[in-house]
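# Observations on chain architecture
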Amino acid sequence: MSTPHHPVAIIGAGLGGLTLARVLQVHGVEAAVFDLDASEAARTQGGMLDIHDDTGQQALRAAGLYEEFLAHVHAGGQAARVLDRDALVRLESPDDGTGGRPEIDRGDLRRLLVGSLAEGVIRWGSKATGARALGDGRHEVTLADGTSFTTSLLIGADGAWSRVRALLSDAAPAYTGVSFVETDLPDADVRHPVSATVVGGGMLFALGAGRGFLAHRESDGGLHVYTAVQAPEEWLDGIDFTDTEAAKRAVLEHFDGWDESLRALVADAEGALVPRRIHALPVGHRWDRVPGVTLLGDAAHLMSPFAGEGANLALIDGADLGLALVAHPGDPEAALAAYEERMFARAERSAAESAASGAMLFRADAPQGLVDMFTAPAADVSAAAPSA
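Let me begin by describing the structure that accompanies this report. (Residues numbered from 1 in each chain as written. Predicted model: local features only at pLDDT ≥ 70, side-chain atom pairs only at ≥ 80, totals over all residues. Heavy atoms only, no water.)

Turning to the environment of A215, a few remarks are in order. Here A215 is to be found in strand β13 (residues 211–217). Judged by relative accessible area, which is 2%, A215 ranks as buried. As for A215 and G146, which are separated by 69 residues in sequence, their C-alpha atoms are 42 Å apart. Those residues in contact with A215 that sit more than four places away from it in its chain are V199, G202, M203, L204, H224 and V225. (Helix = DSSP H or I, 4+ residues; strand = E, 2+ residues; numbered from the N terminus. Buried < 20%, exposed > 50% of the residue type's maximum accessible area, 1.4 Å probe, protein only. Contact = heavy atoms within 4.5 Å.)

Structure follows, in structure tokens:
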């Protein structure tokens, strides 16, 4: 049996890979997307995303999906509150409808992108386990079921722990010194009214030295909370997350003396607590041009979430790469070189901003650094929001 060949193969059906496939489809170029999930509904897709007017929104325009995106925007989601550990409000910013970073549920955005693609473009249940160069820009990709395929153009859109990255770079994500524990409080106005009031209609930053609560009001009325702690990488290993109540106590030990209305964001949470270490690739990560392969999104430039850039960069990477390929028909190397030049510069700026923002959020006088940033001229209050 002959090995299947796909002229353009995208590994990963995240936001960036889907945007690339959609932009190519709009311009009549076929691509095949391979994803490890068994179906679109196999996993929940995280919380709210603020989609920036100069990146994510431009990508959605290129994909022909901007108007549909607007129909899913969470009205009021750009509101923000900054509190200290005593729950004193240090800054409050309403959503007056003029901001450039409207919020959308990540699941809604992914469904919009998936639904925009022709049937059969996405190969669900196709986990890439490795890739090797065949020469002349061609590659062979092996899948977990033992099958393989070849491609003339391989795009790694496969996230933080990308299998494709090894073809281009020896870099690996490193722990940033911050860990998250994620919690949810559904139907907050009815079931968790105190927490609903604390978070407000959009984003909450409740910060102290080396720790804090970062929360979003979601479009379904629930609250999604990221409890952040500056801690050694092994900290989460010492918590038994199969025992939810014990895990809550262990997390809240780091918030002794904090106002009870803030501690309730963990204490009153429903469902399991989800641990997540924050990793990042080196700021300025790049590689020499390798024929027939490139990366986008977290595979290319994983960064901490403290500038809200991750999803937006994945979207604009996908759109830029698609448009570059369309602009250089028959010359993929020129397209990849043009795309990478633009992507590298943009990613380096954003990664540096994300790292600086993370340091500022949890410094000794927190939340003063965030208050100062938000009250500076032309500040955008969603700039430090974690990307879900």
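So much for the structure itself; the text now carries on.
Taken N-terminus to C-terminus, the directions of helix α1 (residues 15–26) and helix α4 (residues 106–115) make an angle of 30°; their axes are 9 Å apart at the nearest point. What the angle tells us is that α1 and α4 run roughly parallel. Between α1 and α4 lies a crossing of left-handed hand. Across the interface between the two elements, L15, L18 and T19 of α1 pack against R106, L109, R110, L113 and V114 of α4. Class assignment of the residues belonging to the contact of α1 with α4 gives a composition of 5 nonpolar, 1 polar and 2 charged. (Axes fitted to C-alpha atoms, helices over the stretch in contact; angles between N-to-C directions. Parallel < 35°, antiparallel > 145°, perpendicular 65-115°, else oblique. Left-handed = near helix turned anticlockwise from the far one by under 90°. Nonpolar A, V, L, I, M, F, W, Y, C, P; charged D, E, K, R; others polar.)

Right, let's talk about the pairing of strand β8 (residues 128–135) for a bit. Here 6 bridges tie β8 to strand β9 (residues 138–143), and the two strands are oriented antiparallel to one another. From the neighbouring strand, A128 faces β9, where its bridge partner is L143. Hairpin connection between β8 and β9: a loop of 2 residues separates the two successive antiparallel strands, and D136 in this loop has a positive phi of roughly 60°. (Pairing = 2+ DSSP bridges.)

This part is about the environment of E353. Note on placement: E353 falls in helix α11 (residues 332–361). Residue class for E353 comes out partly exposed when judged on its relative accessible area of 36%. For the pair E353 and T227, spaced 126 residues apart in the sequence, the C-alpha separation amounts to 21 Å. With residues up to four places along the chain from it excluded, the contact list for E353 reads A307 and E309.

The next subject is the nonpolar core. Core analysis: the largest hydrophobic core is formed by 63 residues, its most contacted members being I10, I11, I51, L109, I155 and L321. Here this core gets 8 residues from one element, more than from any other, and that element is helix α10 (residues 310–327). Ignoring anything within four residues of it in the chain, the contact list for I11 reads F34, A128, V141, F149, L154, I155, G156, A157, D158 and V164. If you look at the next biggest cluster of nonpolar residues, it comprises 29 residues, including L204, A206, V229 and F255. (Core = buried A, V, L, I, M, F, W, Y, C linked by side-chain atoms within 4.5 Å.)

Before going further, it helps to spend a moment on the sheet that holds strand β11 (residues 174–185). With mixed pairing, the 7 strands of this open sheet are ordered in space as β5-β4-β12-β13-β14-β11-β15. Each edge of the open sheet carries a strand with a single partner, namely β5 (89–93) and β15 (270–280). Within this sheet the neighbouring strands show an average axis-to-axis angle of 15°, counted without direction. Sheet topology places β11 next to strand β14 (residues 223–230); 8 bridges connect them, and they run antiparallel. What sits directly across from F180, in β14, is A228. Strands in contact with helix α8 (residues 260–267) are β4 (80–83), β11, β12 (203–208), β13, β14 and β15; relative to β13, the strand with the most contacts, it is inclined by about 70°.

So, about α4. For α4, a buried count of 8 out of 10 residues is recorded, marking the element as mostly surrounded by other parts of the structure. Buried within α4 are the following residues: R106, G107, D108, L109, R110, L112, L113 and V114. Capping the start of α4, D105 holds a side-chain oxygen 2.7 Å from the backbone nitrogen of G107, two or three residues further along. (Polar contact = N/O pair within 3.5 Å; in protein donor to acceptor, adjacent residues only side chain to side chain.)

Turning our eyes to something else, we now look at α10. Taking 1.5 Å per residue, 18 residues should reach 26 Å; α10 reaches 26 Å between its end C-alpha atoms and fits that length. Most of α10 is tucked away, with 15 of its 18 residues classed as buried. (Expected span 1.5 Å × (residues − 1).)

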